[in-house]
Amino acid sequence: MIRRTIFEWDTIGYGEAANEIPSPIADRVAAIAAASPLAGRGGSGVLEHGRKGLRARGVVGVIATKDCALEILPKIDFQDEDSATRASSVRRRLVHMLAVALDLKIDAGEVTTLNWQRETLLEILIRLFSERLADAVRQGMPRHYIEHIDDLPMLRGRLDVTRQFTVLAADPSRVAGRYDALTGDIALNQIMKSAVARLTRAARTADNRRRLHELAFAYADISDVPISALRWDEVVLDRTSSRWQGLLRLARLLLGGRFQTTSVGSGEGFSLLFEMNTLFEDYVAQMLKRALADTEFRIISQGGRLYCLESDDHQGLFQTRPDILVKRGDEIVQIIDTKWKRIANRIDDPKQGVSQSDVYQMMAYGQIYKCERLTLLYPHHAAVNRDEGVHLAHRVTGGNHWLDTATIDISRGQGIGERLKTIVECRPIASCGLSI
């Protein structure tokens, strides 16, 4: 089993060396990547299949064939670390971002037992899910009373009078009964069984495969339901089954659209992929919600939904969806747009690499939402020769709007909520220590 790890926007060449990938395997990996919904119309949104190698784009995760697993990690700077140690640290930070963005509760005890150096992101998520599920099953599978309608030799439960005197009128030896029976064949257990079945085909490590086979045996009496037919809306969790909440979220992740099963050639492949732009946005929004929970501010993610234009018949055109709205009461006091890209820090580039289209978009937000403070938020990186936070602020020409550029250091997980809170509470602009 070949395992390779690269970082987004890096290239892995073809070959047999430890830092290369054999060309026939690369072809299969590229085919699986092209089948992902994130690949786009041209099929190269995840991997560019070039003449000399595979180049990763802004999508991270794992692409696996029967004989290879290619892991793509985000470019997060960890200083004074070699490539192997850096990959382990980035993997840990990526799992943290996923846990926050998807509201997955992963405690410190679980994190310390994970083999960050030897396992891919997919194997780590499979291990988290299978270990949690095994613990939950040992405490007992949830069961519910389900109503049954059956024709029996003797009455059980309540008599179905209508059926008895219509359908069974000519057969007095049978009694139409309605009764409740305790069963484990419920929607929640069917979802867990589907997740176990899917992950059993994807798992590559011996421990994960062993644990999943044991779980498959435990769920042998539960109905096999296709993933597309699973009844998520029928899952009911109460105080006695609250421990299944996190498992349900993990199962939704591992059964959802991010996890693709693809047939390539004679074998089956898998991909579990995340677009870093979206993940960064969701992560920042969730961390801000936590940090500002006890303040006058509240966070609205992907809200607003106002239109740029209005037709003669008052129909809205070109709907807007700012990444993050910061509100005080009913007033929008700040609009934050997250960008998973690296800003420049060159003296000869006063724009810092900020794109013109991003500036135009923020100007439109300021006008439409009547918001004076606009912030473009980027990940911090080592080449930025200043501390994270708000770097520069510019007045929008001819108006009262201010456009900030700011960065947040993702590698420093400790206290990130408070550091994001500082960016929001940096008021007035002139007091932020900026050069305007």
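Below or above, wherever it landed, is the structure these notes cover. (Residues numbered from 1 in each chain as written. Predicted model: local features only at pLDDT ≥ 70, side-chain atom pairs only at ≥ 80, totals over all residues. Heavy atoms only, no water.)

Some words on the overall build of the protein
Keep this limit in mind: Secondary structure is summarised from DSSP: a helix means a run of H or I of at least four residues, a strand means a run of E of at least two, and numbering begins at the N terminus for each. Every residue pair with non-hydrogen atoms within 4.5 Å of one another is taken to be in contact. Here, Shrake-Rupley sampling with a 1.4 Å probe gives the accessible areas, and only protein chains in the shown set may cover a residue.
Scanning the protein for helices and strands turns up 11 helices and 19 strands. Nonlocal contacts in the protein, meaning residues at least 24 apart in sequence, comprise 65% of its contacts between residues at least 6 apart. By element, 49% of the accessible surface of the protein is carried by carbon and sulfur atoms, the whole surface being about 22000 Å².

Describing the sheet that holds strand 12 (residues 297-301)
Keep this limit in mind: For two strands to be treated as a pair, DSSP must find no fewer than two bridges joining them. The axes used here are C-alpha line fits, helices contributing only the stretch in contact, and every angle between their N-to-C directions lies in the interval 0 to 180 degrees.
With mixed pairing, six strands are arranged side by side in an open sheet as 12-15-16-17-19-18. In this open sheet, the two edge strands, each paired with only one partner strand, are strand 12 and strand 18 (389-395). For this sheet, the mean inter-axis angle between neighbouring strands, taken without regard to orientation, is 25°. Summarising the sheet, strand 18 and strand 19 (residues 402-408) pair through six bridges and their orientation is antiparallel. Residue pairing for strand 19: Arg395 is matched across the bridge by Trp402. Most of the contacts of helix 9 (residues 276-291) go to strand 12, to which it runs at about 155°, and overall it touches strand 12, strand 15 (324-328), strand 16 (331-338), strand 17 (373-379) and strand 19.

Examining the sheet that holds strand 2 (residues 11-13)
Strand order across the open sheet formed by three strands is 2-4-3, with antiparallel pairing between neighbours. What marks the edges here is a single partner per strand, and that holds for strand 2 and strand 3 (47-49). In this sheet, adjacent strand axes meet at a mean angle of 20° when their direction is disregarded. Pairing of strand 3 with strand 4 (residues 53-56) involves three bridges; the strand directions are antiparallel. Across the sheet, Leu47 pairs through a bridge with Ala56, a residue of strand 4. Each of strand 3 and strand 4 is contacted by helix 1 (residues 23-34), which is oriented at about 130° to strand 3, the strand it contacts most.

What about a nonpolar patch on the surface?
Using the following cut-off: The patch calculation keeps residues exceeding 30% relative accessible area without a salt bridge and links them within 9 Å when they carry like charges or within 5 Å when they are nonpolar (Val, Leu, Ile, Met, Phe, Trp, Tyr). When a carboxyl oxygen of Asp or Glu is within 4 Å of a side-chain nitrogen of Lys or Arg, the pair counts as a salt bridge. Type-normalised accessible area, obtained with a 1.4 Å probe on protein chains alone, sets the label of each residue: buried when under 20%, exposed when over 50%, and partly exposed for intermediate values.
A surface patch of nonpolar side chains, about 400 Å² in accessible area, is lined by Leu155, Leu159, Val161 and Phe165. Judged by its relative accessible area of 49%, Leu155 is partly exposed.

Some remarks on the environment of Lys75
As a reminder, the rule being used: Here a polar contact means two N or O atoms within 3.5 Å. Within protein one must be a hydrogen donor candidate and the other an acceptor candidate, and residues neighboring in sequence count only if both atoms are side-chain atoms.
Residue placement: Lys75 occurs in the loop between strand 6 (68-73) and helix 2 (83-101). Each C-alpha atom, one on Lys75 and one on Val60, is 9.7 Å from the other, the two residues being 15 residues apart in sequence. Excluding anything up to four places from it in sequence, Lys75 contacts Phe7, Glu8, Asp10, Arg86, Trp340 and Arg342. Within the structure, Lys75 has its side chain in polar contact with the side chain of Asp10 (distance 3.2 Å).

Some thoughts on unusual backbone geometry
In most cases, non-glycine residues show a negative phi, while peptide bonds are predominantly trans. Phi is positive for Asp103, close to 60°, though the residue is something other than glycine. Relative to the assigned elements, Asp103 resides in the loop between helix 2 and helix 3 (108-113). Taking the relative accessible area as the measure of exposure, Asp103 reaches 26% and is therefore partly exposed. A positive phi angle, close to 50°, is found at Gln302, a residue other than glycine. For Gln302, a relative accessible area of 22% corresponds to the partly exposed category.

Focus: the packing of aromatic side chains
Put simply, the test is: Whether two aromatic rings pair depends on their centres lying within 6.5 Å, for rings of Phe, Tyr and Trp, where Trp uses its six-membered ring; planes under 30 degrees apart make the pair stacked, over 60 edge-to-face, and the rest tilted. Sitting over a ring, as applied to charges here, requires NZ of Lys or CZ of Arg to be within 6 Å of the ring centre and within 35 degrees of the ring normal.
Per the stated rule, a full pass over the model turns up two aromatic pairs. With 6.3 Å between their ring centres and 75° between their planes, Tyr365 and Tyr369 make a pair best called edge-to-face. Placement of the pair is Tyr365 and Tyr369 together in helix 10 (residues 356-369), with a separation of four residues, close to one helical turn. Across the pair, Tyr369 and Tyr365 agree in class, each one buried. Over the ring of Phe7 we find Arg86; its NZ or CZ atom is 4.0 Å from the centre of that ring.

Some words on the nonpolar core
Spelled out, the test is: Residues belong to one nonpolar core when they are buried, are Ala, Val, Leu, Ile, Met, Phe, Trp, Tyr or Cys, and are joined through side-chain atoms within 4.5 Å.
By size, the foremost hydrophobic cluster in this structure holds 82 residues, and its most contacted members are Phe129, Leu133, Met192, Trp244, Leu288, Ile410 and Leu420. No other element matches helix 4 (residues 121-138), which puts 11 residues into this core. Ignoring anything within four residues of it in the chain, the contact list for Leu288 reads Ile299, Ile324, Ile336, Leu420, Lys421 and Val424. Formed by 20 residues, the second largest nonpolar core is a distinct cluster that contains Ile25, Val46, Leu47 and Leu273.

Quick look at the pairing of strand 16
Most of strand 16 sits out of view: seven of its eight residues are buried. Pairing between strand 15 and strand 16: five bridges, direction antiparallel. Residue pairing for strand 16: Arg328 is matched across the bridge by Glu331. Counting the residues between successive antiparallel strands, the hairpin from strand 15 to strand 16 contains two residues, one of them, Gly329, with a positive phi of roughly 65°. Across four bridges, strand 16 lies against strand 17 in parallel orientation. Residue pairing in the sheet places Thr338 in a bridge with Leu377 of strand 17.

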